[in-house]
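Analysis of the macromolecular model
Here is what each chain is made of, one letter per residue.
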Amino acid sequence: MEFKKEKVYTPLAATPTHNVSQAIKYGNLVFVSGMVGEDENEVLKEGLEAQCEQAFINMKNVLEDKVLFCQIFIAKREDRVIANEVWDRFFLNMDVAPARYTVVAPTVAEPYLFEITCVAGV
């Protein structure tokens, strides 16, 4: 079986810059680019919790599929508490929560406090 790479796009999430797709479907998997706390009008939310929430909403809007694995990126170790609270709002009631790992690292640009990327099944 030969798989074809397909672009996935929704106007309900911010459009990535630098010639990056929101997501790519390949076979039965969808690979989602890093989602930040900007809404579909590219307005950045204020504060860590609001940015986390918007990034999860963006990810959900790109996907209509089941999330298998997430990578989250936070600027400070103590940001885990808020990131986990938002995570639970989206995944706590699932029978099988996605696998995940968290990276504490400088953000891609100064105003961004959180980023999430994921792989989902179709």
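Reference entry: report on the structure contained in this document. (Residues numbered from 1 in each chain as written. Predicted model: local features only at pLDDT ≥ 70, side-chain atom pairs only at ≥ 80, totals over all residues. Heavy atoms only, no water.)

A few words now on the overall build of the protein. For the protein, the helix and strand inventory stands at two helices and six strands. Evaluated residue by residue, the protein yields a buried proportion of 35% over its 122 residues. In the protein, the share of contacts with a sequence separation of at least 24, taken over all contacts with a separation of at least 6, comes to 67%. Accessible surface for the protein amounts to roughly 7,600 Å². Of this, 52% is attributable to carbon and sulfur atoms. Computing the positive centroid from 12 side-chain charges and the negative centroid from 18, the protein places the two 5 Å apart. (Helix = DSSP H or I, 4+ residues; strand = E, 2+ residues; numbered from the N terminus. Buried < 20%, exposed > 50% of the residue type's maximum accessible area, 1.4 Å probe, protein only. Contact = heavy atoms within 4.5 Å. Areas by Shrake-Rupley, 256 points an atom, 1.4 Å probe, with all protein chains shown as cover. Lys, Arg positive; Asp, Glu negative; His and termini not counted. Charge placed at Lys NZ, Arg CZ, Asp CG, Glu CD.)

Our focus in this paragraph is the nonpolar core. Considering soluble globular proteins, one finds that nonpolar side chains tend to be buried as a cluster. Of all hydrophobic cores here, the largest spans 25 residues; its most connected members are Val32, Phe56, Met59, Leu63, Cys70, Phe114 and Ile116. Those elements that place two or more of their residues in this core are strand E3 (29-35), helix H1 (48-62), strand E4 (66-74), helix H2 (80-91) and strand E6 (114-121). (Core = buried A, V, L, I, M, F, W, Y, C linked by side-chain atoms within 4.5 Å.)

A word on the side chain of Asp39. Here Asp39 lies in the loop between E3 and H1. We classify Asp39 as buried; its relative accessible area is 11%.

Here we come to the sheet that holds strand E5 (residues 99-104). In space, the six strands of this open sheet follow the order E1-E2-E3-E6-E4-E5, with mixed pairing throughout. Each of the sheet's edge strands pairs with one partner strand only, and the pair in question is strand E1 (5-8) and E5. Geometrically, the sheet is characterised by an average inter-axis angle of 15° between neighbouring strands, direction not taken into account. One ladder, built from four bridges, connects E1 with strand E2 (residues 23-26); its direction is antiparallel. (Pairing = 2+ DSSP bridges. Axes fitted to C-alpha atoms, helices over the stretch in contact; angles between N-to-C directions.)

So, on to the packing of aromatic side chains. With the rule as written, the count across this model stands at seven aromatic pairs. With centroids separated by 5.8 Å and ring planes inclined at 50°, the aromatic side chains of Phe69 and Tyr101 adopt a geometry described as tilted. Of the two residues, Phe69 is situated in strand E4 and Tyr101 in strand E5; the sequence distance between them amounts to 32 residues. Measuring from ring centre to ring centre gives 4.4 Å for Trp87 and Phe91, while their planes differ by 50°; the resulting arrangement is tilted. One end of the pair is Trp87 and the other is Phe91, both in helix H2 and four residues apart, which spans about a single turn. With respect to burial, Trp87 and Phe91 carry one shared label: buried. Linked through ring pairs, Phe56, Trp87, Phe90, Phe91 and Phe114 together constitute an aromatic cluster. A cation over an aromatic ring shows up here: Arg100 above the ring of Trp87, its NZ or CZ 4.7 Å from the ring centre. (Phe/Tyr/Trp six-rings, centres within 6.5 Å; stacked < 30°, edge-to-face > 60°. Lys NZ or Arg CZ within 6 Å of the ring centre and 35° of its normal.)

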